[in-house]
Amino acid sequence: MTLGKRALSLIFPVVLAGYVLAAALIYYVQGASILGLERARLWQQMGLLTAVFQNEVTQNRSFIYSLVEGGAIRLFVNEQDPAYRSTALGVRLQQSITSLSDDRKRFISVAIIRPPLSVDYYFEDSEDPFAEITEQQLEHARQVIKSPRLSSWNYLLAEGLEPLIVHSEFIDPHTLNRPVASAKSGAILVQTAVRPQAFLDMKRALEKEYGATIEIGQHQFLAQGSLSATATLSPALFARLTPDPVFLEKRLGTLKSLLALGAIALSLFTIALVLLLVRRYITNPIARLDRQLTDVMTGSRSALLDADEAGEIGRLSTNVKRLHDQSMQSFDLVQNASWTDTLTGISNREYFNIRSTQILEEAEAEDIGCTLLFIDVDNFKFVNDKHGHKIGDELLKTLADRISTIVNRIVCERGLPNGLFARLSGDEFAIMLRCQPGGGTITEISNEILALFAEGFEVLDKAYPVTASIGIAVYPEDAHTLAELVANADAAMYQAKSQGKNGSARYSRSLHEKRNRQRRIEEELRILDADDQFHLVYMPIVDGRGKVTGCEALLRWNSPVLGSVTPDEFIPIAESTGLFSKIDWWVIDRAMAEYSQIRNLFGAETILCINISSAELYTKSISDHFCACADRHSVEARMIEIELTETFAVKLGEQSRRNIEILRARGFRISIDDFGAGYTSVQQIIEYTAETIKLDRELVESLTRSAALPTLRALVALCHAQDMAVIAEGIDTTEKMALLAAAGCDLYQGYLISRPLPLEELGIWAMQRLIEQARETALPQERHVRA
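In this text the structure is predicted, and so the values were computed from the model without any measurement.

(A) Layout of the overall build of the protein chain. Looking only at helices and strands, the protein chain features 24 helices and 24 strands. In terms of overall size, the protein chain is more extended than a compact globule, its C-alpha atoms giving a radius of gyration of 55 Å where 787 residues would be expected to give roughly 28 Å. Taken across its 787 residues, the protein chain has 43% of its residues classed as buried. Accessible surface, the protein chain as shown: approximately 41700 Å² in total, 54% of it carbon and sulfur. For the protein chain, the centre of its 80 positive side-chain charges and the centre of its 100 negative side-chain charges are spaced 6 Å apart.

This is the structure:
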């Protein structure tokens, strides 16, 4: 509402009130006269209604006397033959009743009743030829019979039926006169009922006119309100009509309208003059201030103009301007806080999404490109868990400062628009630049960021083993929306991780195809029948003498849609989508089902090694499943070795540790797989709860290539000191095996011994190995015989 309208809404009632007061006085004087006239008319109408009702009662009483005197009732009552009485005399009585009615449409009924309550005859002049006497009429007859009275009448009201005036009269069956009270038991009761149509019509007309129902009852009514009238229909029947208030209001409406129009006309003339003065000196100056404020809020104006008005309006404008300036300062502070990452002080994800959307819109309008660098800190969780959140937070803050410095310096040197640097989540950062690859900017920024991690990332004078993986996606070549751009840069970042970490990768068609394949792998994993598409292969483990001491069960998947899918492809997808349990449980059950054949090939003490997802140990059901499968396939728990990755063993939680203890308590063996692939301290080796340590193939390759025999011996000796057997993976040359044997390694596994084989081929391999061993044993004996 504008200020002018507010002034009108305040002034108009005041001016109008004076005129309305005068009109009200006139209205109440004239209204009292109208009320008196209407009250007199109402009482007159109720008197007429009473007269009509009493006339109806008199006519009903006359009707019953005329019927008795006609002779038809005498013949009917005195006839002894029931058949003749109900037919011929009943018809004659019906004709007498009809002849006495002056209105063919009027409802009349006659009943002849013998005490105690036997209805000999009933007729009603209606459209229903099978009509019967109503319960209300019978009840009235019953009351008359039980009472000492010889005649009675009543006004019957029944729900769903029109009202009736009922008259009951005892007559002597011989004299047809009213009997004496002592002869009442031998008399008959003649009952007539008429519908008081004239009374009902007048009653409806009054109810319609006054908009209210006429109350009728056997108790005396009192008049209600200023307009109400009562009537005595009979000594025991009373009526009251209290018109609807709207009736009187309609009568007074004309007077009220004339007075109101006069008051309004005079008010409008007075108000027009007052508003002219108010607008000139009050509302127009305030309206100008309001327009300025509106322009500021919509962005058309940046600040309010200085006030040139005097008095209260001028001071109001000055104070509003001061308040606006303070509000803008507070708003800027709040907005900056909501768009800033509290830990690092750079932009957060919310501001990144808002500003990046604007940057892409500007780039589309100007037909230029943008580049997004998606940065993830590798091994940050390991450092954060090992060294504490304080070090982790300090690492992120230091990294944000250094990257921000690099981006600002390079952008400034190359004369590019300011870049957007933001922290998206825990250890993920993003840089949005308004430039495209090819000019060297992206390469320079990526290389300088990666150089920060070349010798470990230094924080508080200490280097920590973290690196960075950078994914790069370009708009509009790689994506057309911000969501697509972020997703594609994220995919490129994972490609950089897979290439060895601390590197960068540009989103490409191959990455797009890889993401599509990953999506199809996930879809197939959800619907596949494991028995049809999965199968196990086994890789033998041998001791220093070449004897097979165990076999590791490895999963293979041949999909009819995707072809052969390697575990390196589908296992990470299964773990990230929660489908690992379906796979692990199938592997456990199938490996134990086939264990009897492995035992037949290599002996009863052959160990079966089963890899399970690290996420399984967070559930309580895994130990029960291992036990159930072992019982079902009659496999001793001590012959099963459960392999866990080294990185998982380092960060065991309470639930995982309890599950491992439960499995060991039930007899299962625990093996730490891929030892040396992560970051493991001597203290953590001491704390491992396992029977076996499996040296990772990359660690084996590194130590054997440098011929680091003392290091190997120390590592193996430390494991032996903890009562752990040592298995070396990746044995593909005799030199590696000889060096590891010299270091004291217990068991060996690799392609020098055998590649992973299906169960059928594993049997052939076992037979060939027996033949070779027999041949090697026989050769010295043959030489000895020849000698």
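(B) Structural view of the sheet that holds strand S6 (residues 215–217). On the basis of which strands lie adjacent, the open sheet formed by 3 strands has the order S6-S8-S7 and antiparallel pairing. The open sheet is flanked by S6 and strand S7 (229–234), the only strands paired with a single partner. Across this sheet, the average inter-strand angle for adjacent strands is 20°, counted without regard to direction. Looking at chain direction, S7 and strand S8 (residues 237–241) are connected through 5 bridges and run antiparallel. Paired with Ala229 across the two strands is Leu241, which belongs to S8.

(C) Geometry of helix H17 (residues 621–632). With 12 residues, H17 should reach 16 Å at 1.5 Å per residue; the first-to-last C-alpha distance of 16 Å fits that figure. What H17 keeps buried is the set Ile622, Ser623, His625, Phe626, Cys627, Cys629 and Ala630. Those residues of H17 that are buried lie in contact with helix H16 (580–602), strand S19 (607–611), strand S20 (640–645) and helix H19 (654–665). A positive phi of about 55° marks Ser634, the residue just after H17.

(D) Focus on the pairing of S8. Of all 5 residues in S8, 5 are buried; the element is thus mostly enclosed. Residues of S8 alternate between two faces, with Leu237, Ala239 and Leu241 on one and Phe238 and Arg240 on the opposite face, all of them buried. Pairing geometry for S6 and S8, over 3 bridges, is antiparallel. Bridge pairing in S8 places Glu215 opposite Arg240. Counted along the chain from S7 to the antiparallel partner S8, the turn is 2 residues long.

(E) Up close: the sheet that holds strand S3 (residues 151–156). With antiparallel pairing, 5 strands are arranged side by side in an open sheet as S2-S1-S5-S4-S3. Both edges of this open sheet fall to strand S2 (118–124) and S3, since each of them pairs with a single strand only. Sheet twist, expressed as the mean angle between neighbouring strand axes with direction ignored, is 15°. Taken together, the 6 bridges between strand S1 (residues 108–114) and strand S5 (residues 188–194) define a ladder with antiparallel strand orientation.

(F) Representation of the pairing of S20 within the structure. Within S20, 5 of the 6 residues are buried, which leaves the element mostly enclosed by the surrounding structure. Both S19 and S20 contribute to a ladder of 4 bridges, which runs parallel. Note on S20: the bridge partner recorded for Leu608 is Ile640. Following the backbone out of S19, through H17 and into the adjacent parallel S20, one traces a crossover that is right-handed. For S20 and strand S21 (residues 669–675), the ladder comprises 5 bridges, and the chain directions are parallel. Residue pairing in the sheet places Ile642 in a bridge with Ile670 of S21.

(G) Region of the structure containing the pattern of salt bridges. In total, this model carries 37 salt bridges according to the counting rule given. Two residues, Glu139 and Arg142, come together in a salt bridge whose shortest N-O distance is 2.5 Å. One end of the pair, Glu139, and the other, Arg142, are both in helix H4 (residues 135–146), 3 residues apart, so they sit about a helical turn from each other. According to the relative accessible area criterion, Glu139 is partly exposed, its value standing at 33%. The partner of Arg517 in a salt bridge is Glu569, and the shortest N-O contact between them spans 2.6 Å. Of the two residues, Arg517 sits in helix H13 (residues 509–527) while Glu569 sits in helix H15 (residues 567–577), which places them 52 residues apart along the sequence. Note on Glu569: relative accessible area 27%, which makes it partly exposed. Residues joined in a network through salt bridges with shared partners are Glu552, Glu643, Lys694 and Glu729.

(H) Representation of the nonpolar core within the structure. Within the largest apolar cluster, 81 residues are counted, with the highest numbers of intra-cluster contacts made by Leu525, Tyr538, Phe626 and Phe668. Setting aside its immediate chain neighbours within four residues, Leu525 contacts Phe534, Trp557, Phe570, Ile573, Ala574, Leu579, Lys582 and Ile583.

(I) Focus on the side chain of Asn384. Looking at the secondary structure, you find Asn384 in helix H9 (residues 380–387). Not counting residues within four places of it along the chain, the set of residues in contact with Asn384 comprises His389 and Gly392.

(J) Focus on unusual backbone geometry. Cis peptide bonds are those with omega within 30 degrees of zero, and the linkage from Pro115 to Pro116 qualifies with 10°. Geometrically, the link from Tyr475 to Pro476 is a cis peptide bond, its omega value of 5° lying close to zero. Position of Pro476 relative to the elements: it lies in the loop between strand S14 (467–475) and helix H12 (482–498). Positive phi outside glycine occurs at Asp367, with the angle close to 60°. Among the structural elements, Asp367 can be located in the loop between helix H8 (349–366) and strand S9 (370–378). Given a relative accessible area of 69%, Asp367 falls into the exposed group. In this structure, Leu460 is a non-glycine residue whose phi angle is positive, near 55°. Tracing the chain through its elements places Leu460 in the loop between strand S12 (457–459) and strand S13 (462–464). Residue Leu460 is classed as exposed on the basis of its relative accessible area of 59%.

(K) Here's a closer look at the packing of helix H22 (residues 709–721) against helix H23 (residues 734–742). It is at 9 Å that the axes of H22 and H23 come closest, and there the two elements cross at 55°. The angle between the axes of H22 and H23 places the two elements in the oblique class. Counted together, Leu709, Leu712 and Arg713 of H22 and Leu739, Leu740 and Ala742 of H23 form the full contact between these two elements. Split into classes, the residues belonging to the contact of H22 with H23 amount to 5 nonpolar, no polar and 1 charged.

(L) Geometry of the packing of aromatic side chains. According to the stated counting rule, one finds 13 aromatic pairs in the structure shown. Each member of the aromatic cluster is reached from another via a ring pair, and the members are Phe53, Trp153, Tyr155 and Phe199. Positioned above the aromatic ring of Phe107 is the side chain of Arg195, whose terminal nitrogen or guanidinium carbon lies 4.5 Å from the ring centre.

(M) Broad picture of the environment of Asn154. Within the secondary structure, Asn154 is located in strand S3. Separated by 136 residues in the primary sequence, Asn154 and Gly18 have C-alpha atoms spaced 59 Å apart. Other than its neighbours up to four places away in sequence, Asn154 contacts His140, Leu164, Ile165, Val166 and Gln218.

Rules used throughout
Residues numbered from 1 in each chain as written. Predicted model: local features only at pLDDT ≥ 70, side-chain atom pairs only at ≥ 80, totals over all residues. Heavy atoms only, no water. Helix = DSSP H or I, 4+ residues; strand = E, 2+ residues; numbered from the N terminus. Rg over C-alpha atoms; globule rule 2.2 N^0.38 Å. Buried < 20%, exposed > 50% of the residue type's maximum accessible area, 1.4 Å probe, protein only. Areas by Shrake-Rupley, 256 points an atom, 1.4 Å probe, with all protein chains shown as cover. Lys, Arg positive; Asp, Glu negative; His and termini not counted. Charge placed at Lys NZ, Arg CZ, Asp CG, Glu CD. Pairing = 2+ DSSP bridges. Axes fitted to C-alpha atoms, helices over the stretch in contact; angles between N-to-C directions. Expected span 1.5 Å × (residues − 1). Contact = heavy atoms within 4.5 Å. Right-handed = clockwise from strand over helix to strand, strands pointing away. Salt bridge = Lys/Arg side-chain N within 4 Å of Asp/Glu carboxyl O. Core = buried A, V, L, I, M, F, W, Y, C linked by side-chain atoms within 4.5 Å. Parallel < 35°, antiparallel > 145°, perpendicular 65-115°, else oblique. Nonpolar A, V, L, I, M, F, W, Y, C, P; charged D, E, K, R; others polar. Phe/Tyr/Trp six-rings, centres within 6.5 Å; stacked < 30°, edge-to-face > 60°. Lys NZ or Arg CZ within 6 Å of the ring centre and 35° of its normal.

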